[in-house]
Amino acid sequence: MKEGPEEWQARLETIAPELIEELNTKKEPDKGLKPLDVKEGESVVMRFAPNPNGPPTLGSTRGIVVNSEYVKRYGGKFIIRFDDTDPQTKRPMLEAYDWYLEDCEWLDAKPDEVVIASDNMEVYYDYARQLLEMGHAYVCFCEGGDFKKFKDAKEPCPHRDHAPEVNLEHWDKMLAGEYEEKAAVVRIKTDIEHKDPAMRDFGAFRIVKTAHPRPEVDDKYVVWPLLDFEGAIEDHVLGMTHIIRGKDLMDSEKRQGYIYNYLGWEYPKTTHWGRVKMHEFGKFSTSGLRQSIEDGEYSGWDDPRLPTLRALRRRGIKPEAIRKFMIDMGVGETDVSLSMDTLYAENRKIIDTIANRYFFVWDPVELEVEDAVCCTVNPSLHPSEDRGVRCIDIGSKLLVCKSDVESAEVGDMLRMKDLYNIEITSVSPLKCKCIGDSMEDAKSNKMRIIHWVPEDGIPVKVLAPQGEFIGIGEKQIVDELDNVVQFERFGFCRIDSVDDGVVAYFTHK
RNA sequence: GCUCCGAUAGUGUAGCACGGCCAAUCAUACAGGACUCUCACUCCUGCGACUGGGGUUCGAAUCCCCAUCGGAGCACCA
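Residues numbered from 1 in each chain as written. Chains lettered and ligands numbered in written order. Predicted model: local features only at pLDDT ≥ 70, side-chain atom pairs only at ≥ 80, totals over all residues. Heavy atoms only, no water.

A. View of the pattern of salt bridges. Taken as a whole, this structure holds 39 salt bridges when the rule is applied. Glu216 serves as the salt-bridge partner of Arg214, at 3.3 Å between the closest nitrogen and oxygen. One salt bridge in this structure joins Lys324 and Glu346, with 3.5 Å as the shortest N-O distance. Of this pair, Lys324 sits in helix 12 (residues 319–329) while Glu346 is found in helix 13 (residues 340–351), placing the two residues 22 residues apart along the sequence. Its relative accessible area of 40% is what places Lys324 among the partly exposed residues. The exposure class assigned to Glu346 is buried, which follows from its relative accessible area of 12%. Sharing partners across several salt bridges, the network here consists of Arg47, Arg81, Asp83, Glu230 and Asp235. (Salt bridge = Lys/Arg side-chain N within 4 Å of Asp/Glu carboxyl O. Helix = DSSP H or I, 4+ residues; strand = E, 2+ residues; numbered from the N terminus. Buried < 20%, exposed > 50% of the residue type's maximum accessible area, 1.4 Å probe, protein only.)

B. Main features of the sheet that holds strand 1 (residues 44–48). Read from one edge of the open sheet, three strands run 1-2-3, paired in parallel fashion. Both outer strands of the open sheet, strand 1 and strand 3 (113–116), are each paired with one neighbouring strand and no more. Averaged over all pairs of adjacent strands, the angle between strand axes in this sheet comes to 25 degrees, irrespective of strand direction. Relative to strand 3, strand 2 (residues 76–82) runs parallel, the two being bridged by four bridges. Paired with Arg81 across the two strands is Val115, which belongs to strand 3. Each of strand 1 and strand 2 is contacted by helix 3 (residues 58–74), which is oriented at about 165 degrees to strand 1, the strand it contacts most. Taken strand by strand, helix 4 (residues 94–106) contacts strand 1, strand 2 and strand 3, and its axis lies near 155 degrees from that of strand 2. (Pairing = 2+ DSSP bridges. Axes fitted to C-alpha atoms, helices over the stretch in contact; angles between N-to-C directions. Contact = heavy atoms within 4.5 Å.)

C. Focus on the state of the cysteines. Counted under the stated rule, the structure contains zero disulfides. Cysteine Cys493 shares no disulfide, and the gap to the nearest cysteine sulfur, in Cys401, comes to 13 Å. Classification of Cys493 by relative accessible area gives buried; the value is 0%. (Disulfide = S-S within 2.5 Å.)

As structure tokens, then:
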């Protein structure tokens, strides 16, 4: 005989009435970051580990924000560690070390500790020696392709069974620079028959004879650790409790697990997130960007078209907006592809109340006002916040946006915002007459409200991701250097310089 | 080729560990409307999703299997 929910409920009432209430309580949905698996009283240690081979971008930001946010919530230590152990292929950029630190601070994620992997080479060498002594690692002389064949066939390569003493001898020769690049590599023994080929005897050190860009390191070392080794050692030495990183490094945990087992260490708790892509920015690689900048395609790493933090900062995006954006996204393993609009919406909420309003006329055209009276108007700096007024002197000519008047006909009436109403008297040349300043008239005649600027305004250039806008703005804009303002009917901008005319970076609509 | 992940509205996201509270959350986008001397802000309203197929069960977004699609690893990159 089949039972339905009603029977169940009835039966529950007789067996355990105290559970009925629980059955009907609504669960509250969580927002943002999930709680971390933290032991009672444990303080967390987390890190963000970039390779400083370019400036931080929106992609790197997830690592900065999420890790630092967890540390803020649980108390503990946030470490930035520069994984700069590749002087060749992903060669670090000297300036980028500082850029990361600057941007972290800007994002309110100042690290408690800064670690540079290339400072700790001796530590890696020590553990390498230990593993070689224990017989858990070996120096392999196979050519890349040959090793792959062995590996794919689940067969050990001829060097795998060398005695520790032999391996140590080879290791010392490696360190002494006696082998050429690619001639020898240190591998960690895992399980050569592991069903996942990615797990079989992975590389830990290789020879690179290119000098490191950091002057304090330079050509001091020719044997460099690979990420899985360097990261494994550092994470333990630094006492990491939790690791959150991209899912491209998912296999790292399994590989590094061998090292941790051999050394008797406990692996930190790990979480992964998927790839983040922004709709507006296609695929971009740090090296590709670098090339484009050198070619002059972009003005620099803070070109408004780029997704670097420096560019977003210059455009007036607030760090709080970026933090919220990243935190609300959570840490799913799905690859996400999201739109800048979401970030802009977050930012707009913050800047709308703080940005003063000004007129900026793009594609300006002259509009002569017949019988104009010279006067001064004082529009508010902000529509709802009480922050005082602007001061604009008017003569007989105004400048307005071409798009606002190009289809105008004689007899059309327009409201000049905060000024007066006009009626077009001539189209070519464009002339009008003032027909009073009554707002009621403007409303009853359903006049379009447009903005304007006096003819002696200041030249303004707006640099936006979609291109440049040239026009004229109110003189008073020069008081707003470094502030985010709103050019009415145009969008928000950060005033970048006021030296020779105004240069503004477009924030968003 | 082998291996490992993942899949909820246009875009993100909550719910999945422990199956009924889900006629599925929130945000953003979009559409309509209100307000407004900005195309901004604010406020209402609407829109819109459990990848597909089997199975288990009284009951499946949730558990199991298969398929499809997407991502990743098997580097002397990080």
